Structures are given as C-alpha cells and as structure tokens.
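A structural walkthrough
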Amino acid sequence: MEGTELAGKILSTWLTLVLGLILLPSAFGVSLGISEIYMKILVKTLEWATIRIEKGVPKESVKNSASVGIIQRDESPMEKGLSGLRGRDFELSDVFYFSKKGLEAIVEDEVTQRFSSEELVSWNLLTRTNINFQYISLRLTMVWVLGVIVRYCVLLPLRVTLAFIGISLLVMGTTLVGQLPDSSLKSWLSELVHLTCCRICVRSLSGTIHYHNKQYRPQKGGICVANHTSPIDVFILTTDGCYAMVGQVQGGLMGIIQRAIVKACPHVWFERSEMKDRHLVTKRLKEHIADRKKLPILIFPEGTCINNTSVMMFKKGSFEIGGTIHPVAIKYNPQFGDAFWNSSKYNMVSYLLRVMTSWAIVCDVWYLPPMTREEGEDAAQFANRVKSAIAVQGGLTELPWDGGLKRGKVKDAFREEQQKNYSNMIVGNGSLNSESN
Amino acid sequence: MGSRSSHAALIPDEDSLRRETGFSQASLLRLYHRFRALDTNKKGYLSRMDLQQIGALAVNPLGDRIIDSFFPDGSLQVDFPDFVRVLAHFRPADDEDAGLRDPREPEPLNSRMNKLRFAFQLYDLDRDGKISRHEMLQVLRLMVGVQVTEEQLESIAERTVQEADEDGDGAVSFLEFAKEEEENGSGRQLVVSTTVCLKTQLPGRFLVMVISVWNYWKLLGIITTTAFIILL
C-alpha cells in the first residue's frame, strides 16, 4: 500500500538521521553542536519575550516581584518582637507574638514552599508557569503558539524515541556485558555502555550540562553526595563518570533496568525489608567502598526530592560509613524547564512527559573538594558541614528541616529552644522584679 | 498533567467570602491554593494532623492552641470558608473612620476588637468568657516549657491577674483584657500583612481561551508520539 510505504520511507530516513546525528556522537562523547544552536535560538527568543512582557506590564508590579513569599515577614528575633528589653515581665500581650508567628507559618512556611516548583520572575512561554502573567500582545501569543507546536509535535516524539532507544540499549548492553567474566575489559565495556546510554537519555531531555571543577570528580572507593531534585539527577551525574547506585529493589520497568545493570557492574540494591536494618545497610556499603576497584557510591542524603531552591537536612546515616565524601552541587536553571519531581502531585509518567515537553533541562554541576570526618566531629555535624558546602556552591539556601517532614512529625528539641529563649526573657531578671514588688 | 488553574471560579461562594473577610480576590486565590496544598489526601477539609505537619507551627510553643482556634466546639474538620475566616483576623486593620461604617453590618473580622477576641480565646480554653488563674498558668507553662519552676510561674500568673482584674473576681474578663491592651497599645501586633495583591494578576480572556485549546494540543502530541512508537 502506498500509504504504508511512504510512512515506512519517512521513518527509515528519520531513524538514520537520528542514528547519525545523535546516537553515534553520543557513543564517542562528541557533540555536533546542534543542541547549542537550539539553545542559542531559545535564549534569544526568551529574552525577546521578557522585554515584551516588561514593556507591557505596569510599573508597580515589576518592582515587587523580588519578594520571595506572599507575606511580609517580620524577621526580628524574639526579643524585639516582644517589644521590650531583656528581663521584662510577662504581659498578657506576649501571646500575640507567638500567635502571629504561628499564623505566618500557616499561611506560608519554609518547608512546604520547597515542595512546589519554583516561581519564575519572568515568563518562559510555557503555560504551566503562567500563573502571574497576563495577556500582553498578539505577537507574544503567536510565539507561544509556535512554541507549543514545536514542543509537542517536533520535540516530544523525538525525545520519546531517544529515551526508548537509550533505555533499551542500556538493558541490552549491560546484559551482554554481564555475560563476560570479570576482567578489566568488562569494566571498561560496562563503563562505555553506561556512559553512552546516559548520554542518549540526557539528549532525550535536551539536557545541557556544565561541569565545573572536573579535577575533583569522585574517585573509586569514595562516596559521592549530592542534593536531590529529581530522578534525572542520576542521569546527569552519570554522563560524566560511572557510579554505583544505591537503592531499593523496585518492580516494573525500574526493576528490569536495575537487574540488568547490576550484571555489568556492582551496584548495591536492597530489598525493602533490608532497608529497615541500618546495620546491614552500613555493612554492605562499607564492604563496597573498601574494595578499591569498585566505582564510587552515589547517595542522595536528603532522602526526598526538593525543589532546587534549598538544601534540607542531610540524613546522617550516609556519613557514618566512613571513607572520603565527594560533595557535588547540582543547580538547574528553571527558565528552560522545571526538573523538580513533586511526587505527591505527579506520578513518574506524567513527570517525564512534563519534562519532555519543556524547552530544555539546563543545569550546572559543581564538583567540590573531597571531605572527611574530622576528629571529635560526629556524623550529624559532618553532615551539616557537607550540606553547607553544597549550599554555598550551588547558591541554594540552607534549611535545618528534615525533608521527610512532609511525612513525619518534627522533633521537640526545636520547640524547647524557643521556650528556653522566652523564659530567659521573662524570668532572666525575674528575681530582681519580685524583690522590687 | 494539569498546570495550576488560576481561575477564581474554583472557590465556592467566593463573593460572599470576599465581602465577609475583606481579602482581595488575588489573596483569596493564594489562600485557596495554600489550603489545597495543606490538605493531604485531598479530603476537601483540613484536620488537626494537616496543620501539625507544618514544621514552623509544630515548634511554636503555642502551636497547639493556635490549631485549636481553627476547630471550635470540638469539631474535627475545618473547611475553606472557616479557614479563611480565622486568617482574616490577621489582616491589617482598615484605617477607616469608625463612624463611617454602617453600624447595622457586622464588625469586620480584622477589627481591633475581633483581633483581641482571637487572642483572648487562646487563653480561655473553656470558653467561659474569663481567664482564670489556672488557664493563665497553663498558657504560661506552654510558653516556657520546663525552664521555669512552678512557684515562679504561679507568682507571675498571680501578679498578671491582679493587675488586670478590676472587679475583683479573681479572673480576667474580655473587657478587662481589652482595657489592659488598650493601655499597652499592642493590638497592632496581631497583623500578618500580605504582599499577595501586588504579585498575582489574572490572565486575560484571550489567554484563557487559548489555554483550553492547548489541552487539545497536548492530546495531539501524545497521539503523534504513540503513533511513532507503534510504527516502530
């Protein structure tokens, strides 16, 4: 039939193009420069759009877009907030300060803010980020329509095909390599397979990654620690070097991938029951890093996906294993596409679809100098030190809260701190006051 | 896949709520999104657990009392209108002349008196209209934790009640409470000012129409993709 013949011809030419222009260069780690041209055009378009929006919007709203939240917070410490000097007496109105702080937290709190996508200062021509901006001009809307067509009808099929090819190559390649006996050839081949397939997967997201300080790249026998924004982090880090993953055994497609890649090189997968036993986990990880030939372990100590504006508490379990820690900071540029996975709002498939219909994923990866635990420092302090280093490098704010807070309750120690503060105020000079009475 | 729909039609009884609480449409929309975000399991109402999940509220010494103020009379759920009514107490007080307001209409929720009433019921657990010494002690205990001895707390409570109590019944009624605050001029503290109105603007009609068309484009893209995959 003519129709199917034509479709077949189109498909085969298209596939050869894809093979030649994208797959082969990925295998050799070479870039043809097509994505750079795309990014340049994109940046120019977005700049033009920003200028048009700023021209069209009245002056007052532009000034106030710098504020981070929706309420004006009075960040003064408790002493000032209670409108008194130290050692003043208790007054009935002291309760106002606490209730005001409490209501501020109800309207907007630091932690929940971090589990929704970052809001952009200027619109990037994606409808999903358009909550603040109004209709400006016909030209802008036409560009937006053009953008929709390009993203959904041209980029999306391309990206999905690439992702498909990438993952199937990964599964097949690692299974094949897994048949070989253990040797240096096998590890070299498995590295090649991993790198190629991850590069293909990153191209399938139109990812542009800048690596900084490559001299600090994690070495074998170390532990690599990074802030967590989405499952894509794994692919982004693996394009520049191979890591051993740590995680739970899962079912479905993920399970197939997990079983395949563990054949080629030793990743550490735990059963769900084993994850509860912390000693077992620590033991296995220690064994892994003791073997100098094995790849560095990749761990995300936050334990959950955060929206890439801040770094939350690092769980100290990863820092008790010992060994050298290689911190890595990952910062995405939200202007081109939002990489944050809000697991309560989207499942994996809709998340991937959203990512594949964004403009691109642009991010910076900074490798930081290795750190080890010092004398007299316990795991929690070490974790905080590493967290600060990552936050400073990536330009993220630091929060002491536990990312798992959205699932559990907070410790009482924080509340006691506030209570202590307040008691010092009213009773600090209490003895003097009762005497003068 | 939804993007956040900024349409104000999501909120039930939006007009009457706006008049009652005095929030602008934009603020109300933001609060509605906040309500939805806090509402885990998408029940449509908030339970105590949902509010206790907020870290900064859980470490607030008066956190439990503040949560209680959302659940009067032992109710276990708070829906959006009630949620907003409590928050409305903390809007900045309108600087209008009291004489210009229509005396037949109910006092606005963020009037000074209503703010003080909110603070009063943080103390007055049994809602009998008076703060007894016992209730005062309880609140003090919440605010200081284990840092202060029982005797010191009792003397502070005793002194405070004596200062404020005018009719000598050993408890502080609401009027005495209000008079005490009048003298201190601290009712102004109960304000959480929002910058909401400055940021949010609703999309134009044209864009709203285009957005509904966009949903069809999404579908088209997905169909094209599946067609490719099948042909592969």
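Each residue is numbered by its place in its chain's sequence as written, counting from 1. Here the convention is simple: chains get letters from A, ligands get numbers from 1, in the order in which they are written. Restriction of local features to residues with pLDDT of at least 70 applies here, the model being predicted, together with a cutoff of 80 or more for giving and counting side-chain atom pairs; totals for whole chains, interfaces and linings are based on all residues. Calculation of side-chain values draws on the structure's entire complement of heavy atoms; hydrogens and water are dropped beforehand.

If you check an unreviewed UniProt entry, chain A appears there as Glycerol-3-phosphate acyltransferase 3 from Equus asinus. Entered under Subcellular location (unreviewed entry) in the UniProt record, the comment concerning chain A runs "Endoplasmic reticulum membrane". UniProt positions are given in the numbering used here, feature names are shortened, and annotations may be inferred rather than shown by experiment. Regarding chain A, the relevant UniProt record gives this comment under Sequence similarities (unreviewed entry): "Belongs to the 1-acyl-sn-glycerol-3-phosphate acyltransferase family."

Overview of the overall build of chain B
Helix and strand definitions here come from DSSP, where helices need a minimum of 4 consecutive H or I residues and strands a minimum of 2 consecutive E residues; each element is numbered from the N-terminal end. Along its length, chain B carries 12 helices and 2 strands. Of the contacts formed within chain B by residues at least 6 apart in sequence, a portion of 53% connects residues at least 24 apart. Only the protein chains shown count as cover for residues, and all accessible areas are computed by the Shrake-Rupley method using a 1.4 Å probe. Entry remark: accessible area of chain B is about 11900 Å², with carbon and sulfur atoms responsible for 56%. Should any heavy atoms of two residues lie within 4.5 Å, those residues are considered in contact.

Some remarks on the overall build of chain A
A tally of regular secondary structure across chain A gives 16 helices and 9 strands. Within chain A, buried positions represent 49% of all 437 residues. Within chain A, contacts between residues at least 6 apart in sequence are counted, and of these 77% link residues at least 24 apart. Approximately 21100 Å² of chain A is accessible, and the part contributed by carbon and sulfur atoms is 60%. For the exposure calls, accessible area comes from a 1.4 Å probe over protein chains only, and a residue counts as buried if that area is under 20% of its type's maximum, exposed if over 50%, partly exposed in between.

Re the pattern of salt bridges
Residues and elements named next belong to chain A. What counts as a salt bridge is simple: a side-chain nitrogen of Lys or Arg found within 4 Å of a carboxyl oxygen of Asp or Glu. Applying the stated criterion across every chain, the model contains 17 salt bridges over all chains. D182 is the partner of K186 in a salt bridge, and the nearest nitrogen-oxygen pair spans 3.2 Å. Each of the salt bridges in this network shares a partner with another, and the network as a whole consists of K214, R217 and D240.

Let's talk about unusual backbone geometry
Residue and element names in this part refer to chain A. Positive phi values are uncommon outside glycine, yet N213 reaches one of about 55°. In this structure, N213 sits in the loop between β1 (207–212) and β2 (223–226). The backbone of N308 sits at a positive phi, close to 70°, despite the residue not being glycine. According to the relative accessible area criterion, N308 is buried, its value standing at 5%.

Details of the packing of helix α2 (residues 25–38) of chain B against helix α6 (residues 80–88) of chain B
Residue and element names in this part refer to chain B. Fitting a line to C-alpha atoms yields each axis, with helices limited to the stretch in contact; the angle taken between N-to-C directions then spans 0 to 180 degrees. The N-to-C vectors of α2 and α6 enclose an angle of 120°; their axes lie 11 Å apart at closest approach. Comparing their axes, α6 and α2 come out oblique. Crossing handedness for the pair α2 and α6: right-handed. Contacts between α2 and α6 involve L28, L31, Y32, F35 and L38 from the first element and F80, F83, V84 and L87 from the second. Gly falls in the polar group here, along with every residue not listed as nonpolar (Ala, Val, Leu, Ile, Met, Phe, Trp, Tyr, Cys, Pro) or charged (Asp, Glu, Lys, Arg). Counted by class, the contact of α2 with α6 contains 9 nonpolar, no polar and no charged residues. When an angle is under 35 degrees it counts as roughly parallel; over 145 it counts as roughly antiparallel; between 65 and 115 it counts as roughly perpendicular; any other value is oblique. Working rule for handedness: look at the near helix, and if it is turned counterclockwise from the far one by less than a right angle, call the crossing left-handed; if clockwise, right-handed.

A look at the UniProt feature "transmembrane region" (unreviewed entry) in chain A
The positions UniProt marks with the feature "transmembrane region" (unreviewed entry) are residues 12–34 and 160–180 of chain A. Summarising residues 160–180 of chain A: 90% helix, 0% strand, and an end-to-end C-alpha distance of 31 Å.

Concerning the environment of A383 of chain A
Residue and element names in this part refer to chain A. Here A383 lies in helix α14 (residues 379–394). Between the C-alpha atom of A383 and that of R373, which follows or precedes it by 10 residues, the distance is 9.1 Å. For A383, the contacting residues outside a window of four places in its chain are F314 and F319.

Re a nonpolar patch on the surface
Together, L180, L185, W188 and L192 of chain A make up a nonpolar patch on the protein surface, roughly 390 Å² of accessible area in all. Structurally, L180 of chain A is set in the loop between α7 (138–178) and α8 (184–204). The patches reported here contain residues having more than 30% relative accessible area and no salt bridge. Joining distances are 9 Å for like charges and 5 Å for nonpolar side chains (Val, Leu, Ile, Met, Phe, Trp, Tyr).

A word on the sheet that holds strand β7 (residues 325–332) of chain A
Residues and elements named next belong to chain A. Two strands qualify as a pair provided DSSP detects at least 2 bridges between them. In space, the 7 strands of this open sheet follow the order β1-β8-β7-β2-β5-β3-β4, with mixed pairing throughout. Where the open sheet ends on each side, the last strands, each with one partner, are β1 and β4 (268–270). Taken over all neighbouring pairs, the strand axes of this sheet differ in orientation by 25° on average, direction set aside. Sheet topology places β1 next to strand β8 (residues 361–367); 6 bridges connect them, and they run parallel. Counted as the bridge partner of H210 is D364 from β8. Docked against the sheet, helix α12 (residues 278–290) engages β2, β3 (244–248), β4 and β5 (297–299), running at close to 170° with respect to β4.

Points about the packing of aromatic side chains
Classification of ring pairs rests on two measures: the distance between centres of Phe, Tyr or Trp rings, Trp counted by its six-membered ring, which must be within 6.5 Å, and the angle between planes, read as stacked under 30 degrees, edge-to-face over 60 and tilted in between. Following the criterion strictly, the structure yields 9 aromatic pairs over all chains and no others. These aromatic residues form a ring-pair network of at least three members: Y32, F35, F70, F80 and F83 of chain B. One Lys or Arg, R151 of chain A, reaches over the ring of W359 of chain A and ends 5.4 Å from the middle of that ring. Sitting over a ring, as applied to charges here, requires NZ of Lys or CZ of Arg to be within 6 Å of the ring centre and within 35 degrees of the ring normal. The ring of Y45 of chain B carries K43 of chain B above its face, with NZ or CZ at 5.6 Å from the centroid.

A short note on the confidence of the model for chain A
All names here are of chain A. Across the chain, each position has a pLDDT score giving the predictor's confidence in that residue, from 0 to 100. With 80% of its residues at a pLDDT of at least 70, chain A reaches an overall mean of 77. The least confident element of chain A, judged by mean pLDDT, is helix α16 (residues 430–436) at 39; the most confident is β7 at 92. Predicted confidence for residues 60–68 stays below pLDDT 50, and this span has 9 contacts to residues more than four positions away or in other chains. Contacts from residues 429–437, a stretch scored under 50 in pLDDT, to residues over four places away or in other chains number 5 contacts.

Quick notes on the packing of helix α1 (residues 14–21) of chain B against α6 of chain B
When two helices pack together, their arrangement is given by the angle between the helix axes and the distance between those axes. All names here are of chain B. Packing of α1 against α6 brings their axes to within 10 Å, and their N-to-C directions diverge by 20°. Between α1 and α6, the crossing angle belongs to the class labelled roughly parallel. Every pair of crossing elements has a handedness; the one defined by α1 and α6 is right-handed. Together, L17, E20 and T21 of α1 and F80, P81, V84, R85 and A88 of α6 make up the contact between the two elements. Considering only residue class, the contact of α1 with α6 consists of 5 nonpolar, 1 polar and 2 charged.

A word on the nonpolar core
Counting residues in hydrophobic clusters, the biggest one holds 59 residues, and the most contacted among them are I106 of chain A together with L51, F70, F80, F83, L87 and F177 of chain B. Ranked by the residues each element gives to this core, the list is headed by helix α5 (residues 94–107) of chain A, at 8 residues. Discounting chain neighbours no more than four positions away, the residues touching L87 of chain B are L103, I106 and V107 of chain A together with F23, L31 and F70 of chain B. To define a nonpolar core, start from buried Ala, Val, Leu, Ile, Met, Phe, Trp, Tyr and Cys residues and group those joined through side-chain atoms within 4.5 Å. In terms of nonpolar packing, the next biggest core, distinct from the first, is built from 42 residues, Y152, A226, Y332 and Y351 of chain A among them.

Regarding the side chain of N342 of chain A
Residue and element names in this part refer to chain A. Relative to the elements of secondary structure, N342 occurs in the loop between β7 and α13 (348–356). When its relative accessible area of 12% is taken as the criterion, N342 is described as buried. Ignoring sequence-local partners within four residues, the contact set of N342 consists of F115 and S116.

Quick look at helix α7 (residues 112–123) of chain B
Because each turn of an α-helix spans 3.6 residues, side chains separated by three or four positions end up pointing in the same direction. In this model α7 of chain B runs 17 Å from its N-terminal to its C-terminal C-alpha over 12 residues, within 8% of the 16 Å that 1.5 Å per residue would give. Considered for burial, the residues of α7 of chain B that qualify are N114, K115, L116, F118, A119, F120, Q121, L122 and Y123 of chain B. Between the first and last residue of a helix there are one fewer steps than residues, each counted as 1.5 Å, and that sum is the expected span.

As for the environment of K220 of chain A
Mapping K220 of chain A onto the fold places it in the loop between β1 and β2. Separated by 24 residues in the primary sequence, K220 of chain A and A244 of chain A have C-alpha atoms spaced 9.8 Å apart.

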